[in-house]
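Listed below are the residues making up each chain.
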Amino acid sequence: MFQHAPSSHPHPHAAAPTSWRPLARACALAVLGMAGSFAAQAENLIDLYQAARGYDAAYLAAKSQFDAAQFKADQARSLQRPSVNLQATVKRNRLESSVDGPFSAEGSSTNSQVAVAARQPLFNLGNSAKVSQAEASLTAAEADLKMAEDDLVARLAQGYFDVLAAQDVLVTAKDNKKALAEQLASAKRSFEVGNSTITDTREAQARFDLATAQEIAATNDLRVKHIALDQLVGRADVKPNPLRTPVNLDSLDPGQIDPWVQNTGTAPMVRKAEVGLKVAKLEVDGARAGHMPTLDAVAQVARTHISSGNDLVKAQSGAGTAGSIGLEFNMPLYAGNAIQNRVRETLSLQDKAERDLENARRSIELGTRQAYSGVQSGLAQVKAYEAAESSAKLALEATQLGYRVGVRINKDVLDAQTQLTNTQKDLYKARYDVIIGAIKLRQAAGTLTAADLTELNKLVAP
């Protein structure tokens, strides 16, 4: 870190940095405000989905796994391609003789060689099985990526509509608290003029206190749902657009069950299980290939240089180039029963893969039927709750009128208000359960895509 010596003559512009601080703070606040406004603009499902694709750790991990599977498949394909190696050796030899006479010799020599060797597999069933396995594993990784994408779509829809549901519950809680506050004030006035007992006031106070607690709980639940959605998309203070009014969920009617069940064969989980069975069969082929011969084409070019300090072997000194090309055949004869046991192992794993595939098909079909039933039942519940809400509103108005003319008591009004609030909460829950259930149905059947968010986006206000 650089330091400057103090000077007895301060620079005329030394106070400039301090004078710039208020302006810098203002600029920083403006930038943060703009960033916050940009974050708040992305409030529809499509924009939030694009944000989640670039932020969600689970989806990005699946994408990285798929990329790794592609590289692994390329590695396996290299088993059928030629390989070229550069080889180099240097050897220092020392010769010492203990024989006396004219033929005694002492000295040293240096041998060096540089060679280029190439090999091209011609017949190798084991390598062929490994290549097919790697390509099948790539298909399995693609299915995993599809499941991760479907899970992201489902989690985004869940988080988005969880926030809207919590907002509706909070609004209902506030309206209920306001209505109960008015009823409490009315009960107090009636008690003061002697038209009611203290019991009415205490009942109204108890209902009001309960409504206050429910409002606090609803506020906290909304805050928690907001945090979950913000974390999913990697943005702060996301404000989803509310549902259009009047709410119409007819577009989510799944229709008949048969087409949904028939499409389960293309579900990512089923495709992954099918790939698992294919890999298991290829593993059996690879194990049986251990009994089969292999044939490779080989070629080599070598440059050799010999340098000797011994007079007797100087005739052997010099350099030369040698080349060779041919076929290399290898036939396994006996490996201690390892190959036979490997074949039995892979046959058992193949049987397991067949059971896993059947289990996946049954599970997907069961999940699809359950999700379908949930959506159908949910739509019927929504219609019933809508009728119940209308009836509860009329009942509350009639009870309030009866209370004012003296034919109903305070508790009747409190009960009618509570009934309306509970019915509205059940209605909101049923609506959002149908929306999420429609996503879950498509996810279970394997037909969920990001385009389904476009259809859901039509349900919310622009």
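Data block above holds the structure.
Now for a description of the structure that goes with this document. The model shown is predicted, which means the values in this text are computed figures rather than measured ones.

**A word on the packing of helix H4 (residues 125–192) against helix H5 (residues 198–233)**
Between H4 and H5, the least distance of the axes is 8 Å, while the angle of their chain directions is 160°. Between H4 and H5, the angle is such that the two are roughly antiparallel. When the axes of H4 and H5 are compared, the crossing they make is left-handed. Among the residues forming the contact of H4 with H5, the class breakdown is 22 nonpolar, ten polar and ten charged.

**Structural notes on the nonpolar core**
In this structure, Leu-156, Phe-161, Ile-435 and Leu-456 are the most contacted members of the largest nonpolar core, which totals 63 residues. Within the residue set of this core, elements represented by two or more residues are helix H2 (45–53), helix H3 (57–77), H4, H5, helix H6 (257–262), helix H8 (338–405), helix H9 (410–445) and helix H10 (451–457). Top element by residues in this core is H4. It accounts for 19 residues.

**Regarding the layout of surface pockets**
One number sums up the size of the largest pocket: a volume of about 360 Å³. Taken together, 22 residues line the largest pocket, and the ones lying closest to its centre are Val-171, Thr-172, Asp-175, Gln-424 and Tyr-428. Only H4 and H9 provide two or more residues apiece to the lining of the largest pocket. For the lining of the largest pocket, the element with the highest residue contribution is H4, accounting for ten residues. Residues of the lining of the largest pocket, tallied by class, amount to nine nonpolar, eight polar and five charged. For the second largest pocket, the calculated volume is near 260 Å³. Lining the second largest pocket are 15 residues, and of these Asp-162, Ala-165, Val-169, Lys-429 and Tyr-432 lie nearest its centre. Counting residues per element, the lining of the second largest pocket draws most heavily on H9, at seven residues. Per-class residue counts for the lining of the second largest pocket are seven nonpolar, one polar and seven charged.

Rules used throughout
- Residues numbered from 1 in each chain as written.
- Predicted model: local features only at pLDDT ≥ 70, side-chain atom pairs only at ≥ 80, totals over all residues.
- Heavy atoms only, no water.
- Axes fitted to C-alpha atoms, helices over the stretch in contact; angles between N-to-C directions.
- Helix = DSSP H or I, 4+ residues; strand = E, 2+ residues; numbered from the N terminus.
- Parallel < 35°, antiparallel > 145°, perpendicular 65-115°, else oblique.
- Left-handed = near helix turned anticlockwise from the far one by under 90°.
- Nonpolar A, V, L, I, M, F, W, Y, C, P; charged D, E, K, R; others polar.
- Core = buried A, V, L, I, M, F, W, Y, C linked by side-chain atoms within 4.5 Å.
- Buried < 20%, exposed > 50% of the residue type's maximum accessible area, 1.4 Å probe, protein only.
- 1 Å grid on protein atoms, 1.4 Å probe; cavity = no way out; pocket = protein on both sides within 12 Å on 5 of 7 lines; lining within 4 Å.
- Points joined across faces, edges and corners; volume = space filled by probe spheres on them.

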